[in-house]
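Descriptive analysis of the structure
Residue strings, one per chain:
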Amino acid sequence: MQIVFLGPPGAGKGTQASIVCRRFGLAHISTGDMLRQAMTGDSDFARGIKAILSEGGLVPDELMVEIVSNRMAQEDCKNGSLLDGFPRTIAQADALAGIVDIDAVVYLSMELEALAQRIASRRVCSSCNTICNMQLLDSIEMICPDCGGELIQRDDDKMETVRNRLNIYERATSPLVDYYKQSGLLISIDAAQPIEAVGREIVRVLERLS
Ligand code: AP5
């Protein structure tokens, strides 16, 4: 099964991707995680990626297509994969159509105004990448519920960067909703529901495809 998750920053793509990949044995391809990993090196390439992410901009389409097609050729993607954060432009979607046949595009739909609050509450585990909502944690200590690692805020979760990311989403990525609706692949899910309810709904619709 080849699945794409589409939705604005903070809609819950990463959170739901973990649930869905575990359930269906899919490889989780998060372009955001891959780019955050790539920017840790000491090279012009790493510094270039870091500069784009810290402003909330988009990495050029050509580079993203190369990164994703190389990743999809790896062994763990043979049984299917879930793309989280790609495609993000019409050009990326056109390129993806030449790489793989997509079974469904799960669109996590949410009012843009509610997203800033979610993003402000996000903390990510510095060792295992688990995503948490500070307001939903049982403990007031900032430690990962999965591995006990330190929970940190992403650099691009600062408010002025978030505003830019939301504007870019509106301009460059939201046209993909109509693009995939027209191809009959779009499955819309109300992402404002609690995490478990969103997960149950996605699993239910994907079970019909598998
Ligand atoms: P990326 O990491 O993909 O960021 P994003 O798309 O902006 O999405 P987010 O990670 O912010 O949100 P999410 O939807 O995954 O939400 P999450 O589950 O974390 O990309 C980062 C950057 O990389 C981009 O800005 C760009 O620069 C670059 N990039 C990446 N891909 C690219 C591409 N293809 N082309 C060009 N550039 C690219 O949840 C958010 C918070 O809400 C968490 O705290 C979570 O616990 C909480 N939460 C989730 N669901 C719920 C719920 N139902 N109820 C309550 N809380 C919830």
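Above: the structure in question.
Throughout, a residue's number is its position along its own chain's written sequence, starting from 1. Thresholds applied to this predicted model are a pLDDT of at least 70 for local features of residues and 80 or more for the giving and counting of side-chain atom pairs; totals over whole chains, interfaces and linings are not thresholded and use all residues. Hydrogens and water are ignored here; the side-chain numbers use all heavy atoms of the structure.

Quick look at the sheet that holds strand β7 (residues 151-152) now. Strands pair in a sheet through their backbones, by hydrogen bonds, and they do so in one of two ways: parallel or antiparallel. The strand order β6-β5-β7 describes an open sheet built from three strands, whose pairing is antiparallel. The strands lining the two open edges of the sheet, one partner per strand, are β6 (131-133) and β7. With two bridges connecting them, strand β5 (residues 122-125) and β7 associate as antiparallel partners. Among the inter-strand pairings, Cys-125 is bridged to a residue of β7, identified as Leu-151. Should DSSP find at least two bridges between two strands, the strands are taken to pair. By the criteria applied, helices consist of DSSP H or I runs no shorter than four residues and strands consist of E runs no shorter than two, each listed in order from the N terminus.

Let us look at helix α4 (residues 61-72). The length a helix should cover is 1.5 Å for every residue beyond the first. Given a rise of 1.5 Å per residue, 12 residues ought to cover 16 Å, and the 16 Å separating the end C-alpha atoms of α4 matches this to within 8%. Among the residues of α4, those classed as buried are Met-64, Val-65, Val-68, Arg-71 and Met-72. End-on view of α4: buried residues confined to an arc of 135 degrees, all on one side of the axis. Here the buried face of α4 lies against β1 (2-6), β2 (27-30), α2 (31-38), β3 (81-84) and α5 (90-97). The classification of residues rests on relative accessible area computed with a 1.4 Å probe and restricted to protein chains. Under 20% of the type maximum is buried, over 50% is exposed, and intermediate values are partly exposed. Each direction from the helix axis to a C-beta atom contributes to the arc, which is the arc of those directions. For this analysis, residues touch if any pair of their heavy atoms sits within 4.5 Å.

As a further point, take the site of the ligand. Around the ligand, 33 residues are found, and the nearest of them are Thr-15, Gly-57, Arg-88, Arg-122 and Arg-165. Any N or O atom pair separated by 3.5 Å or less is treated as a polar contact, with the protein-specific requirement of one donor-capable and one acceptor-capable atom, and with residues adjacent in sequence counted only for side-chain atom pairs. The side chain of Arg-154 places a nitrogen or oxygen atom 2.9 Å from an oxygen atom of the ligand. For the ligand, whose free accessible area comes to 1000 Å², the fraction covered by protein is 96%. Broken down by secondary-structure element, the contributors of at least two residues to the shell around the ligand are α1 (13-24), α2 and β6. Being near a molecule or strand, for a residue, comes down to having at least one heavy atom within 4 Å of it. Shrake-Rupley sampling with a 1.4 Å probe provides the accessible areas, and residues are treated as covered by the protein chains on show and by no other component.

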